Amino acid sequence: MLAALIVPVVARLRYELGFILALAGVGLSAAASIWSLVYVLDNGTMHYNLGGWAPPVGIEYVVDLISAFVAVIVTSVATLVIIGTRRWADREAGDRLGSFYGLVMLLITGLVGMVVTGDLFNLFVFLEISSLAAYALVFLGGGRAMLAGFRYLILGSVGGSFYMLGVGFLYFSTGTLNMGEMKDILTDDATARSVQAGAAFIFAGLGLKMALVPMHLWLPDAYTFAPSSVNTLIAPIMTKVGAYAMIRMFLSVFPDGYLKDVVPIGDALLVLGLIGIIFGSVAAMSQKDIRRMLAYSSISQLALIAVGVGLGTPLGLVAALLHIMNHAVMKATLFMAAASVRFTSGITQVADFTGLGRRMPFTMGAFTLGALAMVGIPPATGFFSKWYAVQAGIESSQWIVVAVVLVSSLLTAVYLFRILESAYLHPLQPEPSHGHDVPDGFGETEQELALEAQAREAPLDMAIPTVVLGLSTVVLGVLNAVIVINILEPGIA
Amino acid sequence: MIETYSSITPLIAVLLPVAAALLVLLTGERFRNVRDSWSTIAALVMVAVVASMLPDVLDGRVPQTTIIEISPGIDIMLRADSAGMIFALLASSLWVLASVYAVGYMRAEHEHKQTRFFVAYALSLGAAAGVAFSANLLTFVLFYELLTLVTFPLVTHRETEAAIVAGRKYLTYTLSGGLMLIGGTAWVHMLGIDGTFVAGGLMADENISKATAWGLLMLLMVGVGVKSAVMPLHGWLPSAMVAPTPVSALLHAVAVVKAGVFGVVRMIVFVFGAELLREMDAWQVIAVLAAATLLIGSMLALRHDNLKRRLAYSTISHLSYIVLGVALLGPIALTGALLHIVGHGVTKITLFFVAGTINAHTHKENVSQLDGIGRQMPITMGAFTLAALSMAGVPPFVLFTSKFYLGWGAAEVDQQIFMVVYLVSGVLAAGYLFPVVYRAFWKRSPDHVAYGEADMRMVVPLAITGVLALFLGIAPNLPFSFFELATNVATAAFGPVEALAGGAR
């Protein structure tokens, strides 16, 4: 049954029909994820032993509510993004389209694998699969992307190695790689120094993958210079899976409270997260390139997830997990909209967004929804992850968390409203004359109407996924209680 | 005491403006006559819908809609209680007039992007109705934030540099306020308190420490204090006057700022309750701040030559009349405060309508330019005179009634000093408005153009609101039983309203 998640994979390499097969693959994967979520909701956690070997020896796959939830997010967002960026892929990958989609499939396989695996070493394997695919995809950008990709590769490999070292330490003292068994053993006895060292290494590794400040240096360049078809795909989901792996460590590898009381990793996450929230937002304010701005915004939003995890309370984890979903959807919306704008007009600079609200009403409408969700205007999604994070902060009397989360909302508003302002409030070029020379009561000047006639919306197959993503920020926000009550709360308990 | 029953009517009232906004959007600029009639039709239907709930509410049966569980244990819930009805009735009935006026004004001014304008205009009414009918803190926060959002395009409508700067200022103030509200609301829930509004205070029976109560008070009151422009949180309001006048009229005399003071009512009366605030000695702080705002606002109004700015500071001052009335924690003062919400809405919208009409018709915007204008635009300036008399609290105008109750309420709780504040401010109001009337009717116009009255779509609404300012003073219970609703709220919150002289009824 789990095979369905992993199969649509490597066999798809080097096909002329790359797009169709990729879409079929990821669509199938999304369907399988949704099916497993439904299955887990009804029947409880799924276990699957690869190759039929029983867990301590063989590799076990575990799908519980949390992993099914994250898998659904990853695959469904990926599906929409792949549809939406098809034209970009055609343009950017050129004759290497087959390998492009092959890499995309590898990436998604890696990510889904990380989510469903119940084995620490296997997680490393999938981590590296997805990372390698991501490096290669970034390289497709050529030019400055080569440098960005190289930096990503170096830092990413360092992160992977840290993780691997940590797993080595743990294996050394427990003799197992299976998460469930590891937790049992560590619950009995976790005093060994090597376990503490292992925990520290693992968190350094995963922290780098989720771009926790100060380990974020690879991210802005990689997102900015990667091809649009690539950054739209990796920005929403890649770092999220790193964050998920972090949560997994808290829930199913280390004993309850261990990472708070014995090794102060919870506090480290909290502090770095708080710094990251502010740093990311402030850095985003001064960016001129929209992709770079969104990249810094990602750093800030991921830091919010880290804060939720760092608080370590059930409410904090709910906030973190909900924000994984919310941020995936919101960031996908924003990156899709940015990619569409670049596709039709070549615009990447924030200052050039003037008048786009009229020219691309649907794309910019979706962008607006995504932006408002990021700011945290209810009832869009972003509000609720902040709401739970604030509640979690109050619950554990961490007032600084409350303050930072609330202030970050305002900072987010500052950098996102810049774009909305120029898209909606600055006139189209050339500047339309204001009013009085037109016959009685005509609100729109001739010029404006003429410019509107030239309006160019993105092609339908780009606009529709963007709008679907944008609307889902609202729908998921309204339905958040359903998700929290049925999936997240029982999943954490 | 109050029984609730499930009904979809409050939700319909909130959704009607949204439907109107959609129709406006779909109709577009090409069929502008059709487009512009949607708002008025929706407004009329909305008044009917809201008013249809009135008999039940007066009987103590409150319609309530539970929409969806939005966070574990917390519902999005609308409830048309007496306090909400006052605000909703006021907002929806003034929307009828304001939408007619807006059409006249926007066309006379040749404003651009009128479709966007009317969409946002309608949506802000929906958000205001949502604020009015919110049954718990989280629902209130939701609509309060939405109100901020949909009014942003109205403030920045002109798209000039000044408008954009004002818009940023507006957003900064109101979003910060919203965040305080969110923080406060989250805290209330983390204390394990149900956030549903209860007359007399939802925290009344809870055992919370003084420090916690102060923290909550800070967060929640600053949150609503921003929109009610209590100093020092008032900075956004005068700058927001760059918006087209129908926006200033409806939003900065009715929807937005009244959502703020309505929030103050909700927080003080329905969240904290009199007992807790007396125990904390907190009401004095609010009352002193409000009294200071009231006096300083009036004095600043005296200084401004620009008519709209003068009115803006007058608004700041009058909002604090209401805040002070609520903070006095007495039934009579609260009755006065709620009546003042209605009275000030009707009166101030008249003044803004007049300012906008003069500006659109003659391009004059300063008081010093208005010499002799009363002879040229007698109906317009006549309405202005009625409203000015009302603002100064001359009997039997509506603001006399409310000020009478406010002053009496201050005496009731033995705070005669605040009665003096009310009286002084009344004199100041006469000081900043009567000179306008004097110039308009008694001075000669320096220019030779004979203007005549403006577009009827502007003149008729402002004449109606001007007359209403007088009419509601004589019969505050007609047509919507505002007086009875207000006393109902006050009785439920602070005990019976005693010895009501028959005169006002």
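About the cut-offs
- Each residue is numbered by its place in its chain's sequence as written, counting from 1.
- Chain letters start at A and ligand numbers start at 1, both assigned in the order the entries are written.
- This being a predicted model, a pLDDT of at least 70 is required before a residue's local features are given, and a value of 80 or more before pairs of side-chain atoms are given or counted; all residues contribute to the totals for chains, interfaces and linings.
- Counting from the N terminus, the helices are DSSP H or I runs at least four residues long and the strands are E runs at least two residues long.
- Exposed residues have 12 or fewer other C-beta atoms within 10 Å of their own C-beta, buried residues have 20 or more, and partly exposed residues fall in between, where C-beta atoms are placed from the backbone.
- Every helix has an expected span of 1.5 Å times one less than the residues it contains.
- In this scheme, the bend at a residue equals the angle between the axes fitted to the seven residues that finish there and the seven that begin there.
- What counts as a contact here is a pair of residues whose C-beta atoms, placed from the backbone, lie within 7 Å.
- Side-chain classes are defined by residue name, with Ala, Val, Leu, Ile, Met, Phe, Trp, Tyr, Cys and Pro counting as nonpolar, Asp, Glu, Lys and Arg as charged, and the others, Gly among them, as polar.
- A set of buried Ala, Val, Leu, Ile, Met, Phe, Trp, Tyr and Cys residues, joined to one another through C-beta atoms within 7 Å, is what we call a nonpolar core.
- Here, axes are lines fitted to C-alpha atoms. For helices the fit covers the stretch in contact, and angles between N-to-C directions go from 0 to 180 degrees.
- A crossing counts as left-handed when the near helix is turned anticlockwise from the far one by less than a right angle, and as right-handed when that turn is clockwise.
- Where each domain starts and ends comes from a domain assignment, either automatic or drawn from a database.
- Think of it this way: DSSP has to see at least two bridges between two strands before they count as a pair.

Draft legend 1. Local environment of the overall build of chain A. A tally of regular secondary structure across chain A gives 22 helices and two strands. Going through the 493 residues of chain A one by one, you find that 59% of them count as buried.

Draft legend 2. Local environment of helix H19 (residues 399-425) of chain A. Residues and elements named next belong to chain A. Helix length check: H19, at 27 residues, gives a terminal C-alpha distance of 37 Å against a target of 39 Å (1.5 Å per residue), a fit within 8%. Leu416 marks the point of greatest bend in H19, at about 30°. With 19 of 27 residues buried, H19 is to be regarded as a mostly interior element.

Draft legend 3. Expanded view of the interface of chain A and chain B. Counting residues at the interface gives 31 residues for chain A, matched by 29 residues for chain B. Those elements that provide at least two residues to the side of chain A that touches chain B are helix H18 (381-395), H19 and helix H22 (480-492) of chain A. If you tally residues by element for the side of chain A that touches chain B, the top one is H19 of chain A, at eight residues. The residue makeup of the side of chain A that touches chain B, split by class, is 21 nonpolar, seven polar and three charged.

Draft legend 4. The arrangement of the nonpolar core in detail. Val74 of chain A together with Ile86, Ala91, Leu250, Val323 and Ala327 of chain B are the most contacted members of the largest nonpolar core, which has 397 residues in total. With 21 residues, the single largest contributor to this core is helix H15 (residues 314-345) of chain A. Here Val74 of chain A is in contact with Leu111, Val112, Val115, Ile237 and Val241 of chain A, once residues within four sequence places are set aside.

Draft legend 5. The environment of Pro244 of chain B, seen in detail. All names here are of chain B. Mapped onto the elements of the fold, Pro244 is located in the loop between helix H9 (236-239) and helix H10 (245-272). Sequence-wise, Pro244 and Val254 are 10 residues apart; in three dimensions their C-alpha atoms are separated by 15 Å. Excluding its chain neighbours within four sequence positions, the residues that come into contact with Pro244 are Tyr105, Met106, Glu109, Glu111, His157 and Arg158.

Draft legend 6. The arrangement of the packing of helix H14 (residues 331-362) of chain B against helix H16 (residues 378-392) of chain B in detail. Residue and element names in this part refer to chain B. H16 packs onto H14 with a crossing angle of 145° between their chain directions and a minimal axis gap of 9 Å. Seen from above, H14 lies across H16 with left-handed handedness. In contact with Thr347, Thr350, Leu351, Val354, Thr357 and Ile358 of H14, H16 contributes Thr380, Ala383, Phe384, Ala387, Ser390 and Met391. Of the residues assigned to the contact of H14 with H16, the class counts are seven nonpolar, five polar and no charged.

Draft legend 7. Main features of the domain arrangement of chain B. Residues and elements named next belong to chain B. Per the domain assignment, the segments making up chain B are domain 1 (1-273) and domain 2 (282-505). Inter-centroid distance (C-alpha atoms) of domain 1 to domain 2 is 21 Å. Tallying the contact residues gives 48 residues for domain 1 and 50 residues for domain 2. When contributions to the side of domain 1 that touches domain 2 are tallied by element, the ones reaching two or more residues are helix H3 (54-58), helix H4 (82-108), helix H8 (210-227), H9 and H10.

Draft legend 8. Looking closely at the domain arrangement of chain A. All names here are of chain A. Each assigned domain of chain A is listed with its residue range as follows: domain 1 (1-252) and domain 2 (264-434 + 443-493). Residue-level contacts link 41 residues of domain 1 with 46 residues of domain 2. At the level of elements, helix H3 (65-84), helix H4 (86-93), helix H9 (193-209), helix H10 (218-225) and helix H11 (228-253) are the ones that each hand at least two residues to the side of domain 1 that touches domain 2. The element best represented in the side of domain 1 that touches domain 2 is H11, accounting for 14 residues.

Draft legend 9. Quick peek at the sheet that holds strand E1 (residues 3-6) of chain B. All names here are of chain B. Taking strand neighbours across the sheet as the criterion, the three strands line up as E1-E2-E3 in an open arrangement whose pairing is mixed. Of all the strands in the sheet, the pair left with one neighbour each is E1 and strand E3 (74-79). Strand-to-strand, the axes of this sheet are offset by a mean angle of 45°, without reference to chain direction. With six bridges joining them, strand E2 (residues 61-71) and E3 adopt antiparallel strand pairing. Residue pairing in the sheet places Thr65 in a bridge with Leu78 of E3. Most of the contacts of helix H1 (residues 9-27) go to E2, to which it runs at about 70°, and overall it touches E2 and E3. Those strands touched by helix H6 (residues 137-155) are E2 and E3, and its axis lies near 75° from that of E3.

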